[in-house]
Amino acid sequence: MAQDSPNKNAPTFYRIFRRAVRRHPLVLVFLILLAVILVLGILLCVKRCSHSLGAEYYAPSGLAPLEACSRLDSIVLRPQRQAYGLPVEDYEIERGEIESGETFSRLLNQRYNVNISIVNRLIELSKGKFELRDIRAGQTYTAFLTPDSAQTLCYLVYERNKTDYVTFAMCDSVYVRVDRKEVTSEERYAEGVINSSLFATIYENDLPEDLATRMSKIFEYTIDFYALQKGDKFRVVYEEMFIDTVSIGIGTIHGVEFTHAGKEYRGYRFFQDNEWGYWDDKGASLKKAILMSPLSFNARVTSRFGSRIHPIKRIRRQHNGVDYACPVGTPVRAVASGVVTRRGWDPFGGGNRIWLKHANGYESAYLHLSRFAVKQGQRVAQGQVIAYSGNTGGSTGPHLDYRLKKNGKYINPLTNTSQPSTPIKAGNKAAFDQMKRDVNKVMEAYGQQRRK
């Protein structure tokens, strides 16, 4: 019996395919290319999976390589959003503040119904890590609750300050952990012209408020910030600190230039003798033996050193000090380290007053005080609070009268130039000069960019 021809016995799809190829040969080429692309795609995915971090280790048993690769990609490429190192999407988040009189036990047991045995366990685990009595009213906390109807508290995070926080865990495991948020810094440049005060200029230019305080601290030995003039100006390169996208203040100030009364002052940050300090462009320390003012940045000069009409006696006479208008109770600092030689009432109209004796023949006096913070004979450090301003004695209003003597003679505190501390040492000069060039280059680059 004759055999059936191949064409008659072949499947219908095969006959249709042969006819299509005969009529359109390019179809075969297209199908071959499509097959090659498919094979290459599979090989690339397998190769990628084999090189992904821990792919073989994490692949569950029974899953094909392609399935494992897909699972890992979904983890690596789409990480969970976290807060305080905890997965936010797995919990209901509740934020609040510690109420007045609220204790740790009351917060957990009464507000979140945490079993008292777990609360006691957390109290034990906190010992040596965090003092629970340091929890203060008004401080914020974040509660991580299960997303079901029970709303079980799993984690409570208490923020100690802007950077430090404590995590109390009470679900899968019970523990207390003290952590710190990641702080990042960004380089910043600022410049401004004084119209009324440094603080006003900072505010008008929408700059961080503590930038004014930090700059005044750098130049507190050389510039009288109560006597700034209209047209004085500054330029500064500094770092601003952030947690996530929220600014938490000023970090390092690398360099600052301040022009006051037509004179230019520069300060560069440098490390010497195991501490950071600021030096001028000639390598002289900006820290001097005598502070320019006994007050922090919060007063104005109402009467200067020299001849004046006495505000009470209405006669012209020598004023041997500088008067600063300030509210009663303003802290008064020692302008230099020394010893309290006199403390008490001044019979000549000075009210409550303190005299300090310093090195190199200097003496300082502080008059019209409301109260004292040191005793006679006590040794004090530069910058230490020794008293509080007032309105005692012959005074027409709350103020501080500050006086300075050198070798027994009154001198003008606003023009006094005392000796600086240790200058840049010879062995550090090359490094200091390089740092100074770097800061100047950055400052000029920012200035040119701003002027464009």
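For the structure itself, consult the block above.
Residues numbered from 1 in each chain as written. Predicted model: local features only at pLDDT ≥ 70, side-chain atom pairs only at ≥ 80, totals over all residues. Heavy atoms only, no water.

A. Geometry of the nonpolar core. Counting residues in each nonpolar core, the largest one holds 27 residues, and the members touching the most others are Tyr324, Ile354, Leu356, Tyr366, Ile386, Leu400 and Tyr402. In contact with Ile386, other than residues within four places in its own chain, are Val332, Arg333, Ala334, Ile354, Leu356, Tyr366, Phe372, Ala373, Val374 and Val380. With 23 residues, the next largest nonpolar core counts Ala190, Leu207, Phe225 and Leu286 among its residues. (Core = buried A, V, L, I, M, F, W, Y, C linked by side-chain atoms within 4.5 Å. Buried < 20%, exposed > 50% of the residue type's maximum accessible area, 1.4 Å probe, protein only. Contact = heavy atoms within 4.5 Å.)

B. Spotlight on the sheet that holds strand β5 (residues 153-159). Read across the sheet, 5 strands follow the order β3-β4-β5-β6-β7 without closing on themselves; strand pairing throughout is antiparallel. A single partner strand is all that each edge strand has here, and the edge strands are β3 (92-97) and β7 (174-180). Across this sheet, the average inter-strand angle for adjacent strands is 20 degrees, counted without regard to direction. Pairing of β3 with strand β4 (residues 140-145) involves 6 bridges; the strand directions are antiparallel. Among the inter-strand pairings, Arg95 is bridged to a residue of β4, identified as Thr142. (Pairing = 2+ DSSP bridges. Helix = DSSP H or I, 4+ residues; strand = E, 2+ residues; numbered from the N terminus. Axes fitted to C-alpha atoms, helices over the stretch in contact; angles between N-to-C directions.)

C. Region of the structure containing the packing of helix α6 (residues 104-111) against helix α7 (residues 116-126). Closest axis-to-axis distance for the α6/α7 pair is 10 Å, and the angle between their directions is 155 degrees. As the angle between them shows, α6 and α7 are arranged roughly antiparallel. Helix-helix and strand crossings are classified by hand; for α6 and α7 the assignment is right-handed. Within the contact between the two elements, α6 uses Phe104, Ser105, Leu108 and Asn109 and α7 uses Ile116, Val119, Leu122 and Ile123. For the contact of α6 with α7, a count of residues per class yields 6 nonpolar, 2 polar and no charged. (Parallel < 35°, antiparallel > 145°, perpendicular 65-115°, else oblique. Left-handed = near helix turned anticlockwise from the far one by under 90°. Nonpolar A, V, L, I, M, F, W, Y, C, P; charged D, E, K, R; others polar.)

D. Geometry of the state of the cysteines. Considering all chains together, one arrives at 1 disulfide under this definition. Each sulfur of the disulfide joining Cys154 and Cys171 lies 2.1 Å from the other. On the sign convention where negative is left-handed, the bridge of Cys154 and Cys171, at about -75 degrees about the S-S bond, is left-handed. Separated by 17 residues along the polypeptide, Cys154 in strand β5 and Cys171 in the loop between β6 (164-170) and β7 bring together distant segments of the chain. Take Cys154: its relative accessible area is 4%, and that puts it in the buried class. (Disulfide = S-S within 2.5 Å.)

E. How the structure looks around unusual backbone geometry. Positive phi, normally seen in glycine, also occurs at Asn113, with a value near 55 degrees. On the secondary structure map, Asn113 appears in the loop between α6 and α7. Looking at Asn113, the relative accessible area reads 68%, which means it is exposed. Its identity is not glycine, yet Asp273 carries a phi of approximately 55 degrees, on the positive side.

F. Expanded view of the sheet that holds strand β12 (residues 275-279). Spatially, β8-β9-β10-β11-β12 is the arrangement adopted by the 5 strands of the open sheet, whose pairing is antiparallel. The open sheet has two free edges, formed respectively by β8 (184-193) and β12, since each of these has just one partner strand. Across the sheet, the axes of successive neighbouring strands diverge by a mean angle of 25 degrees, strand direction being ignored. Alignment of strand β10 (residues 246-260) against strand β11 (residues 263-272), held across 6 bridges, turns out to be antiparallel. By the bridge assignment for β11, Glu257 is matched with Arg266. Sheet strands in contact with helix α9 (residues 210-218) are β8, β9 (233-243), β10 and β12, and its direction is about 45 degrees off that of β10. Together, β8, β9, β10, β11 and β12 form the strand contacts of helix α10 (residues 429-451), whose direction differs from that of β11 by roughly 130 degrees.

G. Just the packing of aromatic side chains, in detail. Scanning all chains against the criterion turns up 17 aromatic pairs. Plain terms: the ring middles of Phe219 and Phe258 are 6.3 Å apart, the flat faces sit at 65 degrees to each other, and that makes the pair edge-to-face. Within this pair, whereas Phe219 is found in the loop between α9 and β9, its partner Phe258 is found in strand β10, the two being separated by 39 residues in sequence. Geometrically, the ring pair formed by Phe234 and Phe258 is stacked, given 6.2 Å between the ring centres and 25 degrees between the ring planes. Within this pair, whereas Phe234 is found in strand β9, its partner Phe258 is found in strand β10, the two being separated by 24 residues in sequence. Judged by its relative accessible area of 2%, Phe234 is buried. (Phe/Tyr/Trp six-rings, centres within 6.5 Å; stacked < 30°, edge-to-face > 60°.)

H. Spotlight on the environment of Leu291. Here Leu291 lies in the loop between β12 and β13 (300-303). Sequence separation between Leu291 and Tyr221 is 70 residues; the distance between their C-alpha atoms is 4.8 Å. Ignoring anything within four residues of it in the chain, the contact list for Leu291 reads Glu220, Tyr221, Arg333, Ala334, Val335, Gln382, Gly383 and Tyr402.

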